[in-house]
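# An overview of the molecular structure
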Amino acid sequence: MSHTLLVNGKPQEVPAGTKLPGLLETMGVAETQVALEVNGELVPRAKWTERELSAGDRIEVVTLVGGG
Amino acid sequence: MGPPLDKPLKIGSLQLTSRLLMGSGRYASHQEMIACLDASGSELITVAVRRVNLDQRAGTSLLDHIDRKRFQILPNTAGCYTVADALRTARLARELLDTPLIKLEVIGDPRTLLPDPLGTVEATKILVAEGFHVMAYCSDDPRLVATLADAGAAAVMPAGSPIGSGRGVSNPGNIEIARSLVDLPLIVDAGLGTASDVAQAMELGADGVLLNSAVAGAEDPERMARAMKFACCAGRDAYLAGRMPSRLHAQASSPEAGLLGEALSS
């Protein structure tokens, strides 16, 4: 059983029951140096394991880049 | 001995000896950026928040190259055109860096990249209420600068001229008036192109300047970074020293008595 999330604007298939750390692992993203939003709301790192993801959830995975 | 040392620049929880703040964008490589930071003497570097590129993961990230014991990191909300996006970005930045500092940018349109003044004030109030130390990028209107100070900003950052334009301080009088209206740190941000622009901003009474394109876009970025360090110190010292009054006509600096051709008095 799997469902589709929208990660950084692109569809991503994950097994049902996937949580945020699992999603990052699936996508090959290191947990350090990223922050996460689900459906426009920041999810603090301490709550990543609590948050179960549902079909259609919009996830933003952001990091820091050069800028002025 | 020399004159007494300058006091440090304090912004919210920050304390800086160097009054030159540096951006980290548009460098050819991380190595070039670090060389420029070293040459500039800066202690603070700005960064932007962006989506992780999930198709093309880069080898190293920006933070791998910045020694956080040496450099304070100031995240920005560059690229945000709405209050809502700026708030989201600020919260993500705080989560990423565990810092209350944010350089708030609410941009009006992509062609001018000039700040949206009303959106900037609105976002400042909300972020201040959430405990952020807001450094508000704004236009050089002195009343807007005063309004942002009243809204609780930790620093105001009026633009010299549009971002990346290299046109210097377009309206020196406005920077001077703004300086006279607010006590909180005033950083001239954006538009500075070369060392004389930096010195001018500091002479007008800015507490600091923030540079990016002027260094990254120079033919020799590292040398320009060093030029900016000296310009910032020179402008600051000139401001603290208090310049001489300017006059229309000459006033001789050598004595007027005792000239060779002088008629002898009998």
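Since this is a predicted model, take the numbers as computed values, not measurements. (Residues numbered from 1 in each chain as written. Chains lettered and ligands numbered in written order. Predicted model: local features only at pLDDT ≥ 70, side-chain atom pairs only at ≥ 80, totals over all residues.)

### Re the overall build of chain A
Along the backbone of chain A there are one helix and five strands. Each helix (α) and strand (β) of chain A, taken in turn from the N terminus, gives the series β-β-α-β-β-β. A compact globule built from 68 residues would reach a C-alpha radius of gyration of about 11 Å, and chain A, at 12 Å, matches this within 12%. Taking the principal axes of its C-alpha atoms as reference, chain A extends roughly 45 × 25 × 20 Å. Per-residue burial over chain A gives 24% buried out of 68 residues. Here the analysis covers contacts within chain A between residues at least 6 apart in sequence; of these, 51% occur between residues at least 24 apart. (Helix = DSSP H or I, 4+ residues; strand = E, 2+ residues; numbered from the N terminus. Rg over C-alpha atoms; globule rule 2.2 N^0.38 Å. Buried ≥ 20, exposed ≤ 12 C-beta atoms within 10 Å, placed from the backbone. Contact = placed C-beta atoms within 7 Å.)

### A look at helix 8 (residues 221-241) of chain B
Residues and elements named next belong to chain B. Between the first and last C-alpha of helix 8 there are 30 Å, a value that for 21 residues agrees with the 30 Å anticipated at 1.5 Å per step. Elements that come into contact with the buried residues of helix 8 comprise strand 3 (20-22), helix 1 (30-40), helix 6 (195-203), strand 10 (208-211) and helix 7 (213-216). In the stretch just after helix 8, Gly242 is the one whose phi turns positive, near 80°. (Expected span 1.5 Å × (residues − 1).)

### Observations concerning the interface of chain A and chain B
If you look at the interface, chain A gives 22 residues, while chain B gives 27 residues. Counting residues per element, the ones that place at least two in the side of chain A that touches chain B are strand 3 (35-38) and strand 5 (58-66) of chain A. Here the side of chain A that touches chain B gets seven residues from one element, more than from any other, and that element is strand 5 of chain A.

### A few points about the packing of helix 1 of chain B against helix 8 of chain B
All names here are of chain B. Interaxial distance between helix 1 and helix 8 falls to 7 Å at its minimum, and their mutual angle equals 25°. With respect to their mutual orientation, helix 1 and helix 8 come out roughly parallel. In this structure, the crossing between helix 1 and helix 8 has a hand that is right-handed. On helix 8, the residues touching Glu32, Ala35, Cys36, Ala39 and Ser40 of helix 1 are Pro221, Glu222, Ala225, Arg226, Met228 and Lys229. Of the residues belonging to the contact of helix 1 with helix 8, the class tally is six nonpolar, one polar and four charged. (Axes fitted to C-alpha atoms, helices over the stretch in contact; angles between N-to-C directions. Parallel < 35°, antiparallel > 145°, perpendicular 65-115°, else oblique. Left-handed = near helix turned anticlockwise from the far one by under 90°. Nonpolar A, V, L, I, M, F, W, Y, C, P; charged D, E, K, R; others polar.)

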